[in-house]
Amino acid sequence: MRHIERPMPATVSSVSFSQPIAFEPIFMERIWGGRKLAELFHKALPADVPIGESWEIVDRAEAQSVVREGPLAGHNLHELWEFQRESVFGAGLPDAERFPLLFKLLDARETLSLQVHPTAEVAAAYGGEPKTEMWYVAQAEPRSEIFAGLKRGTTRDAFERGVREGHAADYPHCFPSRTGAAVFIPGGRLHAIGAGNVIVEVMQNSDTTYRVFDWNRVGLDGRPRQLHLEQSLRSIRFDDFEPTLATPVGEVQAECPFFRVERLLVSAPRPALAGDRFAIFTVLAGNVDCGGRIFRAGDFFLVPAALKTAVLRSTQDQADVLRTTIPL
């Protein structure tokens, strides 16, 4: 039985779920970021700084999603996970200390560093956290690119030599990005988001990234950014040659043991939940009514498992949304 170290807040224990739950975003300054999250999604960004990431739904010690309004306003995601797990998220979920997914919006005004996330084995060796993620391209400028995997025939020795000599960019596989594309990034896949992409990112709840090459640029402090060559070389799958964009299967954009992401085009009313578990929605375009609340492009909201009769309705001709849950 899970040990609870503090009493359940009365307002969390007594609430009955009649509407979706929305959270305050957390904005992260990044050297490669820009202002598109305000332009496209009406985010109230802090002034005069490059914002690369909006952490939309997160349960971490250093970053915590706080409920924006309603009877749970001011409470956080971790309290829901700890004290109302079955009502909010459903039964049979991983017995994890924290909600196991993390959702972001990314604005890549410049190309991100060439990086890799570790598998569970490598993460354990270095005290990190494993991460598998998927990207959904909300907007791609002309000639924007995605870097994923390696050019065919690249060897570890050649790649390491390229990193040390400053020409690691010769080795990653690169292909054109496009609005509406999905990219699956399992742990061990070398990757980078190219300039001109706005991305919805769904991932395991992890903040471990090993940066292997940063295009020979400097950080916000004017110094070269820290690299993690040893960890990166151990993490990279050197047989991962030239992967392509994910191929949707019906509405499913990506599915793995950690998450299932679907794209729904909502014209007629349809049930919000596909089973007995929660769903987290990302509005890509249009406006959606769910439980009497209106959500617009760029909004994320959680439909609790207890809200079994919740329905999605477009307030216009059609809305475009992503639905994410943890598969059975």
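All values derive from a computational prediction rather than experimental measurement.

**Regarding the overall build of the protein**
- Tallying secondary structure elements over the protein gives seven helices and 22 strands in all.
- For 328 residues, the compact-globule estimate of 2.2 N^0.38 gives 20 Å, and the C-alpha radius of gyration of the protein, at 20 Å, lies within 12% of that figure.
- In terms of its C-alpha atoms, the protein occupies a principal-axis envelope of roughly 60 × 50 × 40 Å.
- Split into buried and exposed, the 328 residues of the protein put 56% on the buried side.
- If you take every contact in the protein between residues at least 6 apart in sequence, the share linking residues at least 24 apart comes to 76%.
- Where the 36 positive side-chain charges of the protein centre and where its 42 negative ones centre are 2 Å apart.

**Concerning unusual backbone geometry**
- Phi is positive for Asp-48, close to 65 degrees, though the residue is something other than glycine.
- Relative to the assigned elements, Asp-48 resides in the loop between α2 (36-41) and β2 (51-57).
- Unusually for a residue other than glycine, Arg-143 sits at a positive phi of about 70 degrees.
- Mapped onto the secondary structure, Arg-143 falls in the loop between β7 (133-140) and β8 (145-150).

**Examining the sheet that holds strand β14 (residues 252-255)**
- If you trace the five strands from one edge of the open sheet to the other, you get β14-β15-β22-β17-β20, paired in antiparallel fashion. Sheet topology places β14 and β20 (300-303) at the edges, where each strand pairs with a single neighbour. Ignoring which end each strand starts from, the neighbouring axes of this sheet average 25 degrees apart.
- Where strand β15 (residues 260-266) and strand β22 (residues 319-325) come together, seven bridges link them in antiparallel fashion. The residue bridging Arg-260 from the neighbouring strand is Thr-325, located in β22.

**Observations regarding the confidence of the model for the protein**
- Of the residues in the protein, 95% reach a pLDDT of 70 or more, and the chain-wide mean stands at 94.
- Within the model, the stretch residues 1-5 combines pLDDT values under 50 with seven contacts to residues more than four positions away or in other chains.

**Some details on the sheet that holds strand β18 (residues 288-290)**
- The four strands lie next to each other as β16-β21-β18-β19, forming an open sheet whose pairing is antiparallel. Of all the strands in the sheet, just β16 (270-271) and β19 (293-295) have a single pairing partner and so form its edges.
- Where β18 and β19 come together, three bridges link them in antiparallel fashion. Its bridge partner being in β19, Asp-289 is matched across the sheet by Ile-294.

**Things to note about the nonpolar core**
- Core analysis: the biggest nonpolar cluster contains 39 residues, and Phe-89 and Phe-99 have the highest contact counts within it.
- Non-local contacts of Phe-89, meaning those with residues more than four positions away in its chain, are made with Leu-77, Leu-80, Trp-81, Gln-84, Phe-99, Arg-277, Phe-278, Leu-302 and Ala-305.

**Description of the side chain of His-78**
- Take His-78: it is sitting in helix α3 (residues 77-83).
- In this structure the side chain of His-78 is engaged in a polar contact, spanning 3.2 Å, whose partner is the side chain of Asp-59.

**What to know about the environment of Phe-258**
- As for its placement among the helices and strands, Phe-258 is situated in the loop between β14 and β15.
- When its relative accessible area of 34% is taken as the criterion, Phe-258 is described as partly exposed.
- Along the primary structure Phe-258 and Ile-199 are separated by 59 residues, whereas in three dimensions their C-alpha atoms are 19 Å apart.
- Among residues more than four places away in sequence, those in contact with Phe-258 are Leu-101, Thr-132, Gln-204, Ile-326 and Pro-327.

**Details of the packing of aromatic side chains**
- Applying the stated criterion across every chain yields a total of 14 aromatic pairs.
- Taking the centre distance of 6.3 Å and the plane angle of 70 degrees together, the rings of Tyr-126 and Tyr-210 count as edge-to-face. Here Tyr-126 is found in helix α5 (residues 120-126), whereas its partner Tyr-210 is found in strand β13 (residues 210-213), with 84 residues between them in sequence.
- For the pair Phe-159 and Phe-238, a centre-to-centre distance of 5.9 Å together with 65 degrees between the ring planes defines the contact as edge-to-face. One end of the pair, Phe-159, is in helix α6 (residues 156-165); the other, Phe-238, is in the loop between α7 (229-235) and β14, and 79 residues separate them in sequence. Phe-238 matches Phe-159 in its accessibility class, with the two residues each being buried.
- Clustering of aromatic rings is evident, with ring pairs tying together Trp-81, Phe-89, Phe-99 and Phe-278.

**What to know about the pattern of salt bridges**
- Under the definition given, this model contains 21 salt bridges.
- Between Arg-109 and Glu-110 there is a salt bridge, with the nearest N and O atoms lying 3.4 Å from each other.
- What makes Glu-110 partly exposed here is its relative accessible area of 29%.

**Description of α6**
- Looking only at α6, the buried set comprises Ala-158, Phe-159, Gly-162 and Val-163. Along the axis of α6, the buried residues cluster in a sector spanning 135 degrees; they form a single face. α6 presents Asp-157, Arg-164 and Glu-165 as exposed residues on the side facing more than 90 degrees away from its buried surface.
- Structurally, α6 contributes buried residues whose contacts are with β6 (114-116), β8, β13 and α7.
- One or two steps after α6, the chain reaches Gly-166, where phi turns positive at roughly 85 degrees.

So, how was this worked out
Residues numbered from 1 in each chain as written. Predicted model: local features only at pLDDT ≥ 70, side-chain atom pairs only at ≥ 80, totals over all residues. Heavy atoms only, no water. Helix = DSSP H or I, 4+ residues; strand = E, 2+ residues; numbered from the N terminus. Rg over C-alpha atoms; globule rule 2.2 N^0.38 Å. Buried < 20%, exposed > 50% of the residue type's maximum accessible area, 1.4 Å probe, protein only. Contact = heavy atoms within 4.5 Å. Lys, Arg positive; Asp, Glu negative; His and termini not counted. Charge placed at Lys NZ, Arg CZ, Asp CG, Glu CD. Pairing = 2+ DSSP bridges. Axes fitted to C-alpha atoms, helices over the stretch in contact; angles between N-to-C directions. pLDDT = per-residue confidence, 0-100. Core = buried A, V, L, I, M, F, W, Y, C linked by side-chain atoms within 4.5 Å. Polar contact = N/O pair within 3.5 Å; in protein donor to acceptor, adjacent residues only side chain to side chain. Phe/Tyr/Trp six-rings, centres within 6.5 Å; stacked < 30°, edge-to-face > 60°. Salt bridge = Lys/Arg side-chain N within 4 Å of Asp/Glu carboxyl O. Arc of directions from axis to C-beta.

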